[in-house]
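Report on the structure
Residue strings, one per chain:
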Amino acid sequence: MCVTNHDAIYNLAARYLQKMNGAHGFDHTQRVVANAQNLARHYPTVDLLVLETAAWLHDIGRGEEANSGVSHADVSAQIATQDLPALGFQPEQVAAICTAIRDHRFSAGRTPVSLEGQLLQDADRLDALGAIGIARTFAEGGDRALYHPDDPLAVWHQPDDGHYTLDHFFTKLLRLPETMHTAEARAEGEQRLRIMHLFLSAFASELPETATGECAGGFMGMLLQKGC
Ligand code: FE
């Protein structure tokens, strides 16, 4: 990305994200850009301008989603469609950037078709894993209960991350590496998953026995049973 483009895109992202904190603050976007750049090194045919711009802008609709409920992926793409032509982007570049942005969202269940879209989704998902992923999960959990009082590791209850923050590991996070499109992201995701397994194991060992029952001793076995 040339310097002028970089400054303009950075400023556009900062305008929407700089005041945001927690799991989706500006720091998240900066890490996603770095993840995308690292993955892109393995793919010489990638359009870096499209990928980096999509990474900078992928979450700029988060604020609007909080107000209106409209998917941030669609709002981010809408803002990009409006603002990028004035920054010198060609229609086909805007279209490619917006497609990657629309397709990145986990809960939309979309599968990106372009290489840039796949790298963006992998880069975003990597930031949900490892030590940073753990920190972001509890930041996002806010004042929800940390865990189900009688079944912290979701051995017998259906994981419910709307009520219990720890359940988010079981509804989404532990299965993210297998959803990665690129071998490089999958390998990095598996590495970060080990940190999360260690964390869950330590978490379980620190709980009162009444809460964990049998599963603290057989924690890894329990994960295997869940297919995580
Ligand atoms: Fe994101």
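See above for the structure.
Computed from a predicted model, the values in this text were never measured in an experiment.

Here we take up the overall build of the protein. A count of helical and extended segments in the protein gives 12 helices and 0 strands. For the protein, long-range pairs separated by at least 24 residues make up 57% of all intrachain contacts whose partners lie at least 6 apart in sequence.

What follows concerns the packing of helix 6 (residues 91-103) against helix 7 (residues 115-126). One can describe the packing of helix 6 onto helix 7 by two numbers: an axis separation of 9 Å at closest approach and a directional angle of 40°. As the angle between them shows, helix 6 and helix 7 are arranged oblique. Pair helix 6 / helix 7 crosses with right-handed handedness. Counting all contacts with helix 6, which are made through A96, T99, A100 and D103, the residues of helix 7 involved are E116, G117, L120 and Q121. Partitioning the contact of helix 6 with helix 7 into residue classes produces 3 nonpolar, 3 polar and 2 charged.

Attention now moves to the packing of helix 5 (residues 72-83) against helix 6. Relative orientation of the contacting elements helix 5 and helix 6 amounts to 165°, with a least axis distance of 8 Å. Looking at the two axes, helix 5 sits roughly antiparallel to helix 6. Crossing angle aside, the handedness with which helix 5 passes helix 6 is right-handed. For the pair formed by helix 5 and helix 6, the contact residues are A73, D74, S76, A77, A80 and T81 on the first element and V94, I97, C98, I101 and R102 on the second.

Trans peptide bonds make up most of the peptide bonds, and negative phi angles are found at most residues other than glycine. The backbone phi angle of A154 is positive, close to 55°, even though this residue is not glycine. Among the secondary structure elements, A154 is positioned in the loop between helix 8 (130-141) and helix 9 (167-171). Residue classification places A154 among the buried residues on the basis of 21 C-beta atoms within 10 Å.

Given a rise of 1.5 Å per residue, 12 residues ought to cover 16 Å, and the 16 Å separating the end C-alpha atoms of helix 5 matches this to within 8%. Buried within helix 5 are the following residues: H72, A73, V75, S76, A77 and A80. Structurally, helix 5 contributes buried residues whose contacts are with helix 3 (48-57), helix 4 (62-68) and helix 6.

So, on to the environment of P152. Along the polypeptide, P152 turns up in the loop between helix 8 and helix 9. The spatial distance from the C-alpha of P152 to the C-alpha of T165 is 9.8 Å, given a sequence separation of 13 residues.

On to the environment of Q121. Along the polypeptide, Q121 turns up in helix 7. Once the C-alpha coordinates of Q121 and V32 are considered, the two residues, 89 residues apart in sequence, prove to be 9.2 Å apart. The residues contacting Q121, other than those within four sequence positions of it, are D103, H104, P112 and H181.

For the rest of this paragraph, the subject is helix 10 (residues 183-206). For helix 10, which comprises 24 residues, the first-to-last C-alpha distance of 35 Å matches the rise-based estimate of 34 Å (1.5 Å per residue) to within 8%. Within the sequence span of helix 10, burial applies to A185, E188, G189, R192, L193, M196, L200 and A204.

Here is what the cut-offs are and how they apply
Residues numbered from 1 in each chain as written. Predicted model: local features only at pLDDT ≥ 70, side-chain atom pairs only at ≥ 80, totals over all residues. Helix = DSSP H or I, 4+ residues; strand = E, 2+ residues; numbered from the N terminus. Contact = placed C-beta atoms within 7 Å. Axes fitted to C-alpha atoms, helices over the stretch in contact; angles between N-to-C directions. Parallel < 35°, antiparallel > 145°, perpendicular 65-115°, else oblique. Left-handed = near helix turned anticlockwise from the far one by under 90°. Nonpolar A, V, L, I, M, F, W, Y, C, P; charged D, E, K, R; others polar. Buried ≥ 20, exposed ≤ 12 C-beta atoms within 10 Å, placed from the backbone. Expected span 1.5 Å × (residues − 1).

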